[in-house]
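A structural walkthrough
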Amino acid sequence: MGNDNLKRTARAKGEILLEMRGVMIEGESDDVWHQIVKGIDLTLRRGEVLGLIGESGAGKSTLGVAAMGFARPGCRFNGGTVTFDGIDLLKASDEERRKLRGSRISYVAQSAAAAFNPAHRLIDQTVETETQHGVRSMAESIADAQDLYGRLRLPNPTTIGMRYPHQVSGGQLQRVMTAMAMTCRPDLIIFDEPTTALDVTTQVEVLASIRSIVEEFNTAAIYITHDLAVVAQMAHRIMVLRHGKLVEEALTRDMLAEPKEVYTKSLWAVRKLAKQESTTDDLILQVDHVDAAYGNAVKILDDVSVTVPRGRTVAVVGESGSGKSTLARVVTGLLPPSKGSVKFNGSPLPPALPQRDKESLRRIQMIYQSADTALNPRHRVYDIIGRPLTFYHGLRGKQLDLRISELLKMIELDDSYMDRLPGEISGGQKQRVCIARALAAKPDLIICDEVTSALDQIVQEEILKLLLRLQVEFGISYLFITHDIATVRAIADEIVVMNQGKVVQQGQKTKVLSPPYPAYTELLLSSVPEMDPDWLTNLLQKRQAKAK
Amino acid sequence: MAEAVMDKKVPKARRSKVATALRELKKAPLTAWFGMIVLAIYVLFAVFAPLIAPFKEAEVMGDAFMPWEAPYYLGTDQLGRDMLTRMIFAARNSMGIAFAATALAFVSGGLLGVLCALLKGWFDQIVSRLVDAIMAIPSLIFALMVLSIFKQPTATNIILVIGIVDATRVFRLTRAVAMNVVALDFVEAAKLRGEKIGWVVFREIVPNIMPPLVTEFGLRYCFVFLTISALSFLGLGLQPPTADWGLMVRENSTLITYGDITPLLPAGAIALLTVAINFIVDWFLNKTSGLRDGQ
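From a predicted model like this one, the values you see are computed outputs, not experimental measurements.

Re the domain arrangement of chain A
Residue and element names in this part refer to chain A. Each assigned domain of chain A is listed here: domain 1 (2-116 + 187-269) and domain 2 (283-514). Taken over C-alpha atoms, the centre of domain 1 sits 36 Å from the centre of domain 2. Opposite the 8 residues of domain 1 that make contact, domain 2 presents 8 residues. Mapped by element, the contributors of at least two residues to the side of domain 1 that touches domain 2 are helix 8 (200-216) and helix 11 (262-269). Here the side of domain 1 that touches domain 2 is built from residues that sort into 2 nonpolar, 4 polar and 2 charged.

Have a look at this one:
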């Protein structure tokens with residue numbers, strides 16, 4: 001480990017590559033300009049990896065692209081300087097900046113799927129920048145790209161480039177994008193949340209390959225993320241941003257060991273929420289040997305049995321494609337099972353939605369991952385929360401107004417929100433409105449499908465606390481679908497581990513989270529990043545040793 | 001607790017839609033203003049035709065083809081009826097029928113489109129294939145064919161035929177945009193709540209597909225208008241003595257040979273209306289599609 005430390009310090013002592021002084025950026029919305037980045041200084045040396053963290057709206061992505069001398073559409077610089085290797089990027093002509101981008105500075109975006117052109121082969125897109133800038137001949141570029149694919153540990157590096165973007169997995173695509181950014185051997189790469197959209201198990205691989213290749217070519221990097229555990233693995237130095245201002249800046253190890261500012265401490269504390277588990281034999285939901293499939297295709301659920309005790313939380317964990325969301329669709333009746341039964345409160349539920357009566361629909365409510373699409377953008381909060389009240393409980397007029405106001409209080413919002421459209425409130429508030437809509441029905445069971453994964457960590461914690469409090473107050477049971485183990489620790493009483501449509505394990509939280517594990521549970525648990533800067537290094541060594 | 005309940009104001013401070021509309025109007029470009037003013041004048045003429053027009057719609061006033069002199073400011077037509085009067089009445093007939101036909105097309109095509117997107121399966125298959133079959137026949141020929149079956153093409157027949165032909169286009173558009181909305185979680189949430197299909201269609205889906213539909217309504221109205229004029233010109237539209245711009249072009253077309261521009265007046269009226277509506281639609285499209293923001 002000592003050696004590793006030494007290497008990091010040595011790298012952080014290169015000459016200054018990027019210097020931003022008092023950068024101010026403003027953005028336009030509704031014809032009003034408001035400040036997004038409020039005067040930030042940033043220095044990056046050659047070969048150094050700088051982590052930018054903060055909640056959404058902190059201005060971290062805006063600052064990230066500003067390092068290329070670029071302001072997003074609808075934004076503009078209104079102060080400060082950006083100097084890259086002696087060149088003042090804000091004063092440089094478009095032509096000069098264009099020459100730098102791609103060849104000396106490159107950018108890796110969050111959603112690789114959206115960043116690739118689906119109509120071209122991967123290899124053509126990888127070498128495009130290089131041939132555009134005329135650095136090397138096509139043949140050399142292709143050979144180099146294949147070499148990079150190999151270094152990034154992509155399977156079949158010589159042939160994978162002939163595929164189209166939809167023919168490789170999300171994690172592979174993200175690595176191809178990193179290769180694309182690397183082709184010109186840039187001095188600086190900006191990674192904007194490159195692993196946020198990936199599963200934990202895939203994330204580990206991508207993180208490992210990004211880290212090794214950046215080290216290998218001594219590339220400086222700015223790593224933007226809201227996940228502290230991830231940034232702890234990648235960055236030498238961390239800058240914490242909030243509301244467009246710098247909160248704290250320190251070397252990774254120092255900041256992890258002793259954060260100074262209150263805000264930073266609160267970020268660190270988020271992952272420590274943990275629910276005391278409890279149990280009961282009184283089952284509210286029994287899913288009994290259920291098979292389910294879409295059309296006549298392969299089974300998505302294969303002999304799945306899950307039980308939810310009354311007033312408790314059962315967390316369903318697994319990577320994408322494991323069948324967690326399909327389980328929710330079976331319970332809600334959207335997808336009738338092809339075999340097996342679902343019992344609710346001891347009596348069997350009709351398999352298909354249209355056969356269920358209003359009363360059983362009322363008792364099972366659902367909260368979705370993306371509050372953006374779960375709320376009708378044309379309905380006001382008043383109507384969104386009011387509808388289930390009118391629909392199930394027949395409330396109207398003044399009674400309805402009062403009840404809506406009560407519900408808003410429960411989700412810690414005030415009456416002024418009644419009049420708003422979903423587009424006019426923040427992501428966390430939208431999720432609260434979704435919770436209020438579910439609560440309005442007075443349900444026995446709420447199915448939460450990845451309800452916190454689209455939110456940043458502080459908001460996540462607030463939502464989890466709210467859900468816990470509501471459970472205590474109203475005795476609601478949760479079927480909580482998630483891929484995030486920290487969330488599971490925070491909220492679950494029991495855990496169900498799913499993989500490829502099968503239940504690997506169901507049991508008490510502490511039992512599932514302590515050894516001995518089934519193989520898949522171990523892989524899943526060990527892939528969850530921890531707040532330890534050596535976690536990734538240790539994990540890779542351990543896995544390597546095991547492989548041998 | 002009771003006191004708190006008593007104290008509670010019932011909060012209702014919805015921003016007025018009128019205020020928002022006025023704010024948007026202030027930002028409207030010149031072209032849109034031009035369109036709106038022209039359209040307003042047309043509508044005024046259409047609504048108050050009997051009050052504005054100097055004579056009766058089908059009254060023979062003088063000799064045929066009289067020149068542009070008072071009291072016949074635009075001369076007379078081939079039967080000696082006042083051109084100006086007929087121009088004004090035609091606004092009412094042509095625009096009214098076009099509006100009715102377009103509205104019919106939107107109600108039927110739009111509703112079926114949303115239902116197909118929502119229900120999918122065999123319902124969607126049957127309706128879509130039926131629509132494909134109608135769309136396979138060129139619309140003007142289809143309209144001519146159906147209209148020639150009726151001995152006397154009445155206004156109702158014209159509205160029905162054109163409404164059905166155009167409903168197929170509206171159906172396609174509505175189905176496509178509704179598909180995107182149907183896939184969203186809030187529609188699923190409404191279904192899970194146990195909402196009836198009427199609520200899902202009119203409260204959840206329709207408000208979210210209105211912008212492209214309103215735009216299409218404007219454009220479709222122009223097309224319908226042109227189709228009606230074309231039918232009239234071909235003699236299968238409105239029948240004399242009803243005044244109609246398309247019909248008027250035909251009736252007076254001989255004048256062109258003598259270098260008289262009178263028959264071009266109704267044609268010009270059609271053209272101006274089309275341009276005006278397109279200006280308005282353009283503005284609306286720009287505003288709602290967010291093209292302006294470059295996103």
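What follows picks up the thread again.
Some thoughts on the sheet that holds strand 12 (residues 299-309) of chain A
Residue and element names in this part refer to chain A. Strand order across the open sheet formed by 4 strands is 12-11-14-15, with antiparallel pairing between neighbours. Both outer strands of the open sheet, strand 12 and strand 15 (347-348), are each paired with one neighbouring strand and no more. Looking at chain direction, strand 14 (residues 339-344) and strand 15 are connected through 2 bridges and run antiparallel. Counted as the bridge partner of Phe344 is Ser347 from strand 15. Of the strands in this sheet, strand 11 (283-293), strand 12 and strand 14 are in contact with helix 12 (residues 324-332), which crosses strand 12 at around 70°.

Here's the deal with the nonpolar core
Counting 141 residues, the largest nonpolar core has Val316(A), Val331(A), Leu479(A) and Phe480(A) as its most contacted members. Among the elements that line this core, the one with the most residues is helix 5 (residues 83-119) of chain B, at 18 residues. Apart from the residues within four sequence positions on either side, Val331(A) is in contact with Leu285(A), Val287(A), Val342(A), Ile364(A), Ile447(A) and Leu479(A). Listed in part, the 73 residues of the second largest apolar core include Val37(A), Val108(A), Leu122(A) and Leu188(A).

So, unusual backbone geometry
Residues and elements named next belong to chain A. Positive phi is not limited to glycine here, since Glu412 has a value of about 65°. Looking at the secondary structure, you find Glu412 in the loop between helix 16 (397-410) and helix 17 (427-440). Unlike most non-glycine residues, Gln500 shows phi in positive territory, near 50°. Summarising the element assignment, Gln500 is placed in the loop between strand 19 (494-499) and strand 20 (502-508). Judged by local crowding, Gln500 falls into the partly exposed class, with 14 C-beta atoms found within 10 Å.

With respect to the sheet that holds strand 10 (residues 245-251) of chain A
All names here are of chain A. The 6 strands are arranged 6-7-8-3-9-10 in an open sheet whose pairing can be described as mixed. Only two strands of the sheet have a single partner each, and these edge strands are strand 6 (105-108) and strand 10. Each strand axis lies, on average, 15° off the axis of its neighbour in the sheet, ignoring direction. Judged from the 5 bridges that link them, strand 3 (residues 49-53) and strand 8 (residues 220-225) form a sheet pairing that is parallel.

Calculation criteria
Residues numbered from 1 in each chain as written. Chains lettered and ligands numbered in written order. Predicted model: local features only at pLDDT ≥ 70, side-chain atom pairs only at ≥ 80, totals over all residues. Domains from an automatic or database assignment. Contact = placed C-beta atoms within 7 Å. Helix = DSSP H or I, 4+ residues; strand = E, 2+ residues; numbered from the N terminus. Nonpolar A, V, L, I, M, F, W, Y, C, P; charged D, E, K, R; others polar. Pairing = 2+ DSSP bridges. Axes fitted to C-alpha atoms, helices over the stretch in contact; angles between N-to-C directions. Core = buried A, V, L, I, M, F, W, Y, C linked by C-beta atoms within 7 Å. Buried ≥ 20, exposed ≤ 12 C-beta atoms within 10 Å, placed from the backbone.

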